[in-house]
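Here's the letter readout for the chains.
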Amino acid sequence: MTSTVVPAAKPLTVGSARIRYTTHPATGATPGRDLVLVHGTGGGSGMWDPLVPSFTDRHTVHLPDLSGSGVEDVSDNDGDLAIEQLAAEIVAVIEDAGGHPVDVLGFSLGAVAAAAAAALRPDLVDRLVLVAGWSDPDDEYLRNMMTVWLAVADNPAAFGRYATLTAFSRDHLNTIGRDAVEANAAFMQPTPDTLRQIALNLRLDIRHLLPRITADTLVLGCRQDATVPAANSRALHAAIAGSTYDEFDTGHVVVYEQTEAFVTRVRAFLDRA
């Protein structure tokens, strides 16, 4: 029986924050560019664990745990989070991992941070994939969704159930069944770090940075997204010169709802000549 070796997390200090990242080496004979996968709100890089083997045949994969991820060994001053800080943390991971241009894929809040990093350090990002992201606080739906999520933080059961309801499409919830739905609702808890990330979601604005992105960019939206409606992804695409847009008929967490199709689309973009 074979065992999976989990890489040790490497700590990094970025300003007042202490973060970490793990590296999964490429296994193929002709490795491509390194790939950084950036997590979203309410958790750390563990969201990518099931997808890592889908990329390591060609890419060395780096998984950062950013400020507010709430994972072990990650800390900061516990004040308000800033998107510029998260972008600086992504940049620090790229520099520490070798300092050469890489590909970056960000999901949800991670998409916003990845876009900011690509704008601030275009020399370090070759290809950029933005999944279910947004750019500013002016979408009234998004503002109300995040406000309600914060408002139920004193009721952990309601908080987790609301997160589950808005994260997945109706079809997916019915497909995975009640036990899995209940497990997901119990997993998502209103920790202080998660609440800080939600508060950041309510006020971040990267519209001024988007024209500075020079990376070859793929923007992916989710047609049934009840967390960050697909119109926000379309707006990102419109604001990033030369970007490509595609859309999945899923809820917010496309990486779990249509994993195979998602990986196929991303690989086709990253590996093209």
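See the structure above.
Residues numbered from 1 in each chain as written. Predicted model: local features only at pLDDT ≥ 70, side-chain atom pairs only at ≥ 80, totals over all residues. Heavy atoms only, no water.

Details of the overall build of the protein chain
Right, on to step 1. Along the protein chain, the regular secondary structure elements total 10 helices and eight strands.
Right, on to step 2. In terms of overall size, the protein chain behaves like a compact globule, its C-alpha atoms giving a radius of gyration of 17 Å where 273 residues would be expected to give roughly 19 Å.
Right, on to step 3. Structurally, the protein chain occupies a C-alpha span of about 50 × 50 × 35 Å along its principal axes.
Right, on to step 4. Sorting the 273 residues of the protein chain into buried and exposed places 52% on the buried side.
Right, on to step 5. Just so you have it, the protein chain exposes about 11700 Å², and 54% of that area is on carbon and sulfur atoms.
Right, on to step 6. Considering the protein chain, the positive charge centre built from 20 side chains and the negative charge centre built from 34 side chains are found 3 Å apart. (Helix = DSSP H or I, 4+ residues; strand = E, 2+ residues; numbered from the N terminus. Rg over C-alpha atoms; globule rule 2.2 N^0.38 Å. Buried < 20%, exposed > 50% of the residue type's maximum accessible area, 1.4 Å probe, protein only. Areas by Shrake-Rupley, 256 points an atom, 1.4 Å probe, with all protein chains shown as cover. Lys, Arg positive; Asp, Glu negative; His and termini not counted. Charge placed at Lys NZ, Arg CZ, Asp CG, Glu CD.)

Structural notes on the layout of surface pockets
Right, on to step 1. Counted as a void, the largest pocket has a volume near 560 Å³.
Right, on to step 2. The wall of the largest pocket is formed by 26 residues, among which Thr41, Gly42, Phe187, Met188 and Val253 lie closest to the centre.
Right, on to step 3. Secondary-structure elements contributing two or more residues to the lining of the largest pocket are helix 3 (140-151), helix 4 (156-167) and helix 6 (178-187).
Right, on to step 4. Classifying every residue of the lining of the largest pocket gives 12 nonpolar, 14 polar and no charged. (1 Å grid on protein atoms, 1.4 Å probe; cavity = no way out; pocket = protein on both sides within 12 Å on 5 of 7 lines; lining within 4 Å. Points joined across faces, edges and corners; volume = space filled by probe spheres on them. Nonpolar A, V, L, I, M, F, W, Y, C, P; charged D, E, K, R; others polar.)

Brief notes about unusual backbone geometry
Glycine aside, negative phi is the norm for most residues, and most peptide bonds take the trans geometry.
Right, on to step 1. Residue Asp73 is not a glycine yet carries a positive backbone phi of 75 degrees.
Right, on to step 2. Within the secondary structure, Asp73 sits in the loop between strand 4 (61-65) and helix 1 (83-96).
Right, on to step 3. The partly exposed category is assigned to Asp73, whose relative accessible area is 47%.

Re the environment of Arg121
Right, on to step 1. Topologically, Arg121 is positioned in the loop between helix 2 (109-120) and strand 6 (125-131).
Right, on to step 2. Sequence spacing of Arg121 and Arg161 is 40 residues, and the spatial spacing of their C-alpha atoms is 38 Å.
Right, on to step 3. If sequence neighbours within four positions are ignored, Arg121 has contacts with Val91 and Glu95.
Right, on to step 4. A polar side-chain atom of Arg121 sits 2.9 Å from a polar atom in the side chain of Glu95. (Contact = heavy atoms within 4.5 Å. Polar contact = N/O pair within 3.5 Å; in protein donor to acceptor, adjacent residues only side chain to side chain.)

Observations regarding the environment of Ala118
Right, on to step 1. Note that Ala118 resides in helix 2.
Right, on to step 2. In this structure Ala118 touches Val125, Leu128 and Ile213, once residues within four positions along its chain are discounted.

A few points about the sheet that holds strand 2 (residues 17-24)
Right, on to step 1. Read from one edge to the other, the open sheet built from eight strands follows the order 1-2-4-3-5-6-7-8, with strand pairing classed as mixed. Among the strands making up the open sheet, the edge pair consists of strand 1 (10-14) and strand 8 (244-248). Across this sheet, the average inter-strand angle for adjacent strands is 20 degrees, counted without regard to direction.
Right, on to step 2. The pairing of strand 6 with strand 7 (residues 216-222) spans five bridges and is classified as parallel. Residue pairing in the sheet places Val129 in a bridge with Leu218 of strand 7.
Right, on to step 3. Where helix 2 meets the sheet, it contacts strand 3 (35-38), strand 5 (102-107) and strand 6, and its direction lies at approximately 155 degrees from that of strand 6.
Right, on to step 4. Running over the sheet, helix 10 (residues 259-271) touches strand 3, strand 5, strand 6, strand 7 and strand 8 and is turned about 155 degrees from strand 6. (Pairing = 2+ DSSP bridges. Axes fitted to C-alpha atoms, helices over the stretch in contact; angles between N-to-C directions.)

Concerning helix 4
Residues lying three or four places apart along an α-helix face the same way, a consequence of the helix completing one turn every 3.6 residues.
Right, on to step 1. Under the 1.5 Å per step criterion, the end-to-end length of helix 4 is 16 Å for 12 residues, consistent within 8% with the ideal 16 Å.
Right, on to step 2. Along helix 4, the residues classified as buried are Phe159, Gly160, Tyr162, Ala163, Thr164, Thr166 and Ala167.
Right, on to step 3. Buried-residue contacts for helix 4 involve helix 3, helix 5 (170-176), helix 6, helix 7 (192-203) and helix 9 (254-257). (Expected span 1.5 Å × (residues − 1).)

Points about the pattern of salt bridges
Right, on to step 1. The tally for this structure, following the rule as stated, stands at 22 salt bridges.
Right, on to step 2. Among the ionic pairs, Asp136 bridges to Arg207, the shortest N-O distance being 3.8 Å. Pair noted here: Asp136 is in the loop between strand 6 and helix 3 and Arg207 is in the loop between helix 7 and strand 7, with a separation of 71 residues, a long-range link.
Right, on to step 3. Accessibility expressed as a relative area gives 15% for Asp136, which makes it buried. (Salt bridge = Lys/Arg side-chain N within 4 Å of Asp/Glu carboxyl O.)

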